[in-house]
Each structure stands twice: as C-alpha cells, then as structure tokens.
Amino acid sequence: MGKLKLFTVVLSFHICAALPSFAATLTWPSGDTGHWLTPLAWLDGATPTTIGTADQARVDTGTIYLTTGNTFTSTSWLYLGYTASTNSVLRMSSANLTFDRLHFGESGVGDLIANSSYINLTGGVFSLGINNGSSGNLALTDSACAYIGGLNPHPNIGGSGNGFLSLENSTMTGFKGHYIGKNTGSEGHLDLTNGSTLSTDSTVYVGDSGVGHLTIASSNMQSSSTAVDFIVGNASDSHGYMTLSSNARVSGYRQYHIAYSGNATLNMTSGANMSSIRNITNIGYSANTLGVLNMTDSYLWDEDGGFNDSNIGLSGNGQVTMDNSVWNVARWLFLGKESAGEGTLTLNNGSTVNLGNNCFLGYNGAGNLTVNESTLNTPSYLHLTDVAGSSANLILNSGNINIGGQLRIDNGGRVRLGGGSANLNMDNKVIVSTSHVWEHMIDKNLGPWGHMGAAEFTGTVYQGTGYVKMGVRGGAVFTSSNTFYMQVGTGTGTLSYETPLPSTMYDAPAVDTDIEGTTKDAISTVLSSANQIGSLDLSALGTMSTTVSSVAAGWAPVANVDSSLQRNGLNVLLQLASGSATNVINKLTEAGYEAETTTFSTYDLLFKVSASDLVNGTGYVIFDFRDIATGVNYATVDKVMVCPRVGGSFFYTD
C-alpha cells in the first residue's frame, strides 16, 4: 500500500475562475463512514444514482468506500475536503470512478487512496491542495491506473495549498502538464516508486512559483510530446527539488532547465537516466539563480542527436558534480556563458563527459572545470575565456582531457596540471594565448616528469605571450631530483615559448629533446641556487637543521639518504614565522603526506616521508608557500629540520 502523507501549512489564496451552476449539490453526511453506493447515504435523501451530470458531490468530514466491482460514472465535479478545517477520505479497492473534475483539498483536507482501481478524469481540472491552508492527496497503489483527460486540465499538485500525488506500481497517463508547487507559498510532492509510469503531454514544472518535490525510484516519467519542456525551479520565488534513483528514467522532453528563474537541486544516483530530445540542459539559466546537479552512477544524454547547446551557469550559478557518471552532450557545452553566469563542473571517480563539439570555460562569465580520475572528450576546441572580463580555471588533477582541436587560453584563463596521472592530449597542437597562467604542480614521488603531470602533445606546441608557473603541490615535497619537467611532445613535438618561467624558485626553463634517453621534448627546470636555504646531512646530528628568516619558498639538499638506515622513513619539521599550521597541514594532506602539529622544541608541524619515497643518495626538501597564481604568501618559515623516524616515534635533535 502507498503511504498517505498529509501536509498542513498556511498558504496564499487561490480559487478557480468562475464556477458553473449546478442542478444540485449532494453532500456526504459529516463524520459518516459508509459505502458510496449505499441507498439514501447522501444528504437530502439522495441515492448514488441521483448524482447526475449537472450535480456536484462534496465530501467534507467522513470516509467513503468504493469496493470490488463497483463503478460510478458522472460528468460532474467531485470535491474532497471542500470546506476549511474538514478532513475527508475516499478509499477505492478494485473499483472504477469517472468524473469530469476532481478537487482534493479544496479548502480542507481531501485524500483519495486507490488500490488496484481505475480513475478517469474526462474534463477540465485536476487539483490537489487548492486554496490557502488546504491539503490534497492522491495515492495510487497495487497496479492502479488513472487517466487525466480533457482539453486543458493543468493539474496542480499544490495549487495554493499542499498537494501530494504518489504512484506505487501504478500508471497515470494523459496529463496536460504538471504544476508541482503552483503558487507562492504552496508545496507539491510527486512520488513515483516500484515500477510506476507517469506520462505527460505538456511542460512539467517542479516548483512553479512555490516549492516542488519530485522523487522517482525504479520508475519512469515520460513525455508523449516532443515539443514540451521540463523545468525545475521556474519563477524567481520558487525552489524545485528532484531526486532520481534506482534506474529511474526521465525521457521524451525537449529540454531541461534546472533553475530557470528560481533555484533547483537535482540528485541522480544508482543508474538514474535522464535524456532530452534537443540536447538542451541548462543548469542555472537566469541571473540570480542557483542550479545544482549531483550525479552518482548515473547518465545524462540526448536520445535524438540534438542540435543545440547545453549550459552550466548560462546567466545564473550552475554547479555540476559527477561521480562515476556519464554525460553525453551532442553539441557545445558552455560553463559561464553570459557575463553574470558562473559554471562549475567537477568530474570524479571515472566520470566521462563526451561532447559533440566545442567546450567553453568562461565564455563571457566564469567557468571552472576540475578533473579527478575522469575524462573529458571534445572533438573540437577547448576554450578558456572568450570575451574580455571572463575568467576560467581548468584543473586537471588526474585523468584525461582529450581535445581534437585547439586548446585556446585567452585573457583570464588558467590551466593547472597536477598529479602524475594527469594527461592533456590534443590532436591540433596549438595553444593560443594573450595573458594566461599555465601551472604545473610538483607532485610527491611520481618520477621525473610524473612530478609535473604530463601535458602530451604530438606536434608543435605554440605558447604565445602567456607564461608558465611551477609550484610545489601541497606547499612542500621531498624528492630525489632537483630537476622537474613539463612534457610537451612524444617524438616529433617541439616547444615554442616567448616568456621564461617567472619564478624565483627555479632557474630559467629550457627545451630538452632527450629526457633520460627518450625522445620526449619538455620544458625542464632546475631548483635555483638563489633559493637554497642550506644543506642538510642525515649522517651528522648537527647538520640536520637549517635556520632562515621568514622565507616563503626554499629548498635544501639532504645528503646520505639511505633507505636501509632510514627504514621507517623521515620526518620533516617546519618552524613557521607566519601563517596557519592547520592550513599548511591541509595542503600537505591533499598532496598525500601525513602531517600534524608538533610541540617539539620550537617547531610547529611535521610531515612524514615514507620509506618508499626514499632513493639512496641525495634527496631534496622543497617548500613553496606562495599562491601559485598570485605569488602571495600564505605561510613563511624560520627553520627546517630533517630526521629519521625510529620505530613508531620521532627522533629529534638540534
């Protein structure tokens, strides 16, 4: 059985336009419980057969039953909960009911519970929770069916009151449109569960001017018309909430707007699948809206090839987070299309975005793309910013971005490659830029060019008038090499750049056409002697530390690294002159180090270097507590010490 949910709040007033005249209004006795077809059960001596075409039936306080084999047909109106502060219930079991118009919760509370039954609406209006303070509920269970016909019913699930419609293993067809949360102050709920199907042939509004909730689990919602839309959060004062789970499917609609002029949240999990005919998905459509899409193990795609563009943050704020999910976009994808738009796309845990054409980050607004162990495929260009004043951030931590055309970085664009498994692959090997930031982050122990992430281009790479910045991922690193690389070619690739590396941390980069016996071209850079803060030696206690004065970036060689002697790894201790130890620890943790505060001597924190990170010979301690884009310091150091770990404890010596 479906579970009946009742809602009671004070809401704004709404009433239908003009009421027709009736031959009679037949009323169920207040508080009575009885069968619909019981002779003389209704007031005024009415029998069920006297409820004629021009009559209306009202149930205020009481319970009525229609049971196995019972059929009642009328071309009139049925009201449940007509009067304020009343509560009425109609229960159907294996029965049939036909009316012209159905109002559940006109001003009071009206519930219809239909089990294995059939409901037929032949005429104009279907509404749940019509007026302020009302609540209307319809529950279809156990293979129940409902047909909502007529020319223009415009069903309201929450007109100006509260409305609740639930289908459990049931079917509803013929809706001319859904308003779930129609007017300001209303709240509507639509639940589809356990193999239910809801078919519509008009635009769906989840939160029209009120609050709308749509939940679909193991069920389908589909449009019988390819010319209608699906809108979550329609008007400026609305909010729409939508949850798809357990292989739920929404299909057949022309386009989706998640936060059209209001706010909206869409959560998709466990095989949920949503598709559009024209491949238009707008998340954060209008200014001052917030659209949020969270996808986990789910799919978003177009069924029919598509010919339009999708937007994350068209003029509003759009936020999309994908976890092990797939989004197929038939044409272009914009993140931050208009000047007021801001679009953020985060790909996690094996997610894939497949584009049919270009991808724009910050076309005229702000675009942000982060890739973690995932893939973005575009057969054409990837543009970072287009119109003056726009901004874009591309952060490829791990995974792949495959570009069939150009990677174009204009003013305001920023690229960061970090993590040794980050790969940026392009077929048309051109970087056109005016003033961009191309960042490479040193990772902790992933090999010579693995430290930087790999930007692999198989042809000529042109870097225009922009510049490259390199920085230590997490703020500090222990490595076996003082040389780092940005890989830019595989055999035939060459690098053209006009601006040298503007960093005081490293010597000027150069092109190396033979990295460690390979034919890979790269920008290579060596730690600058001007930034060496001293020399450390693990063989003598007095040379394990070095003192500086408020240094934000520096490095020191560490002699006599011996993995057999330092079999438990090393501790690197830092005494901060400024900045937050917690902030630095968080950054070190992100880089894969164990880090913690310490009360030993005057040191503020330590990070642990595992034995697997050690290579016999000379190692290097490197720290860089400058924001890589702005150069602003977030911490400075007065003292650095390196010492072996002994057992599970620390060995400290000044």
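Parameters and conventions
- Residues numbered from 1 in each chain as written.
- Predicted model: local features only at pLDDT ≥ 70, side-chain atom pairs only at ≥ 80, totals over all residues.
- Heavy atoms only, no water.
- Helix = DSSP H or I, 4+ residues; strand = E, 2+ residues; numbered from the N terminus.
- Buried < 20%, exposed > 50% of the residue type's maximum accessible area, 1.4 Å probe, protein only.
- Contact = heavy atoms within 4.5 Å.
- Areas by Shrake-Rupley, 256 points an atom, 1.4 Å probe, with all protein chains shown as cover.
- Salt bridge = Lys/Arg side-chain N within 4 Å of Asp/Glu carboxyl O.
- Pairing = 2+ DSSP bridges.
- Arc of directions from axis to C-beta.
- Polar contact = N/O pair within 3.5 Å; in protein donor to acceptor, adjacent residues only side chain to side chain.
- pLDDT = per-residue confidence, 0-100.
- Phe/Tyr/Trp six-rings, centres within 6.5 Å; stacked < 30°, edge-to-face > 60°.
- Lys NZ or Arg CZ within 6 Å of the ring centre and 35° of its normal.
- Core = buried A, V, L, I, M, F, W, Y, C linked by side-chain atoms within 4.5 Å.

Section: the overall build of the protein
Across its full length, the protein carries one helix and 62 strands. Buried residues in the protein amount to 57% of all 654 residues. A separation threshold of at least 6 residues defines the contact pool for the protein, and within that pool the share at least 24 residues apart is 74%. Total accessible area computed for the protein in this model is approximately 23000 Å², and 48% of it derives from carbon and sulfur atoms.

A word on the pattern of salt bridges
Under the counting rule described, the total for this entry stands at seven salt bridges. Two residues, Arg254 and Asp229, come together in a salt bridge whose shortest N-O distance is 2.7 Å. Taken together, the positions of Arg254 in strand β26 (residues 249-258) and Asp229 in the loop between β23 (220-223) and β24 (230-232) put the pair 25 residues apart, joining distant regions of the chain. With relative accessibility at 22%, the residue Arg254 sits in the partly exposed group.

Digging into the sheet that holds strand β49 (residues 476-479)
Hydrogen bonds between backbone atoms are what pair the strands of a sheet, whose relative direction is either parallel or antiparallel. Pairing in this open sheet of four strands is mixed, and the strands run β49-β60-β56-β54 from one edge to the other. Looking at strand neighbours, the two that pair on one side only are β49 and β54 (536-537), the edges of this open sheet. Pairing analysis gives four bridges linking β49 to strand β60 (residues 617-624), with the strands arranged antiparallel. Note that in β60 the partner of Thr479 across the bridge is Tyr620.

Some remarks on the environment of Ile533
Looking at where Ile533 falls in the secondary structure, it is placed in the loop between β53 (522-526) and β54. On a C-alpha basis, the gap between Ile533 and Trp555 in space is 5.8 Å, while along the polypeptide they are 22 residues apart. Each residue touching Ile533, except ones within four places of it in the same chain, is listed here: Thr546, Val548, Gly554, Trp555, Ala556, Phe623 and Val640.

Side note on helix α1 (residues 581-590)
For α1, the complete set of buried residues consists of Ala581, Val584, Ile585 and Leu588. Projected down its long axis, α1 carries its buried residues within an arc of 100°, all on one side. At its buried positions, α1 is contacted by β49, β57 (570-579), β58 (594-597), β59 (605-609) and β61 (635-646). The N-cap residue of α1 is Ser580: its side-chain oxygen and the backbone nitrogen of Thr582 are 3.3 Å apart. One or two positions beyond α1, positive phi appears at Gly592, with a value near 100°.

Some points on the confidence of the model for the protein
Of all residues in the protein, 77% have pLDDT values of 70 or greater, and the mean over the chain is 82. Predicted confidence for residues 1-22 stays below pLDDT 50, and this span has 57 contacts to residues more than four positions away or in other chains. Overall, residues 445-454 carries pLDDT values under 50, and its contacts beyond four positions in sequence, including any with other chains, amount to 39 contacts.

Remarks on the packing of aromatic side chains
Under the definition given, this model contains 23 aromatic pairs. An angle of 85° between the planes, with centres 5.0 Å apart, marks the rings of Phe230 and Tyr253 as edge-to-face. Pair noted here: Phe230 is in strand β24 and Tyr253 is in strand β26, with a separation of 23 residues, a long-range link. Each member of the pair, Phe230 as well as Tyr253, is classed as buried. Through a chain of ring-to-ring contacts, three or more aromatic side chains come together here, namely Trp28, Trp36, Trp42, Phe72 and Phe99. Here the guanidinium or amino end of Arg58 rests over the ring plane of Tyr79, the centre of that ring lying 5.9 Å away. Directly above the aromatic system of Phe334 lies the positively charged group of Lys337, at a separation of 4.4 Å from the ring centroid.

Here we look at the environment of Thr226
Looking at the element boundaries, Thr226 is found in the loop between β23 and β24. In sequence terms Thr226 and Ser251 are 25 residues apart; their C-alpha atoms lie 9.8 Å from each other. Beyond its immediate chain neighbours, meaning those up to four positions away, Thr226 contacts Gly252, Arg254 and Ile277.

Some details on the side chain of Ser310
Examined against the element boundaries, Ser310 turns out to sit in strand β31 (residues 310-312). What makes Ser310 buried here is its relative accessible area of 0%. Here Thr281 takes part through its backbone nitrogen, which lies 3.3 Å from a polar atom of the side chain of Ser310. Setting aside residues up to four positions removed in sequence, Ser310 forms contacts with Asn279, Ile280, Thr281, Asn282, Trp327, Val329, Trp332, Leu333 and Phe334.

As for unusual backbone geometry
A positive phi angle, close to 55°, is found at Glu373, a residue other than glycine. Mapped onto the secondary structure, Glu373 falls in strand β38 (residues 366-378). Residue classification places Glu373 among the exposed residues on the basis of a relative accessible area of 56%. For Ser550, which is not a glycine, the phi torsion comes out positive at approximately 50°.

Quick notes on the nonpolar core
Ranked by size, the top nonpolar core spans 91 residues in total, and within it Met221 and Phe230 carry the most contacts. Looking at this core element by element, the count peaks at five residues for strand β40 (residues 391-403). The residues contacting Phe230, other than those within four sequence positions of it, are Val204, Val206, Leu214, Met221, Met242, Val250, Tyr253, Gln255, Tyr256 and His257. Core analysis: the next-biggest nonpolar cluster, separate from the first, contains 38 residues, Trp555, Leu574, Leu576 and Val637 among them.

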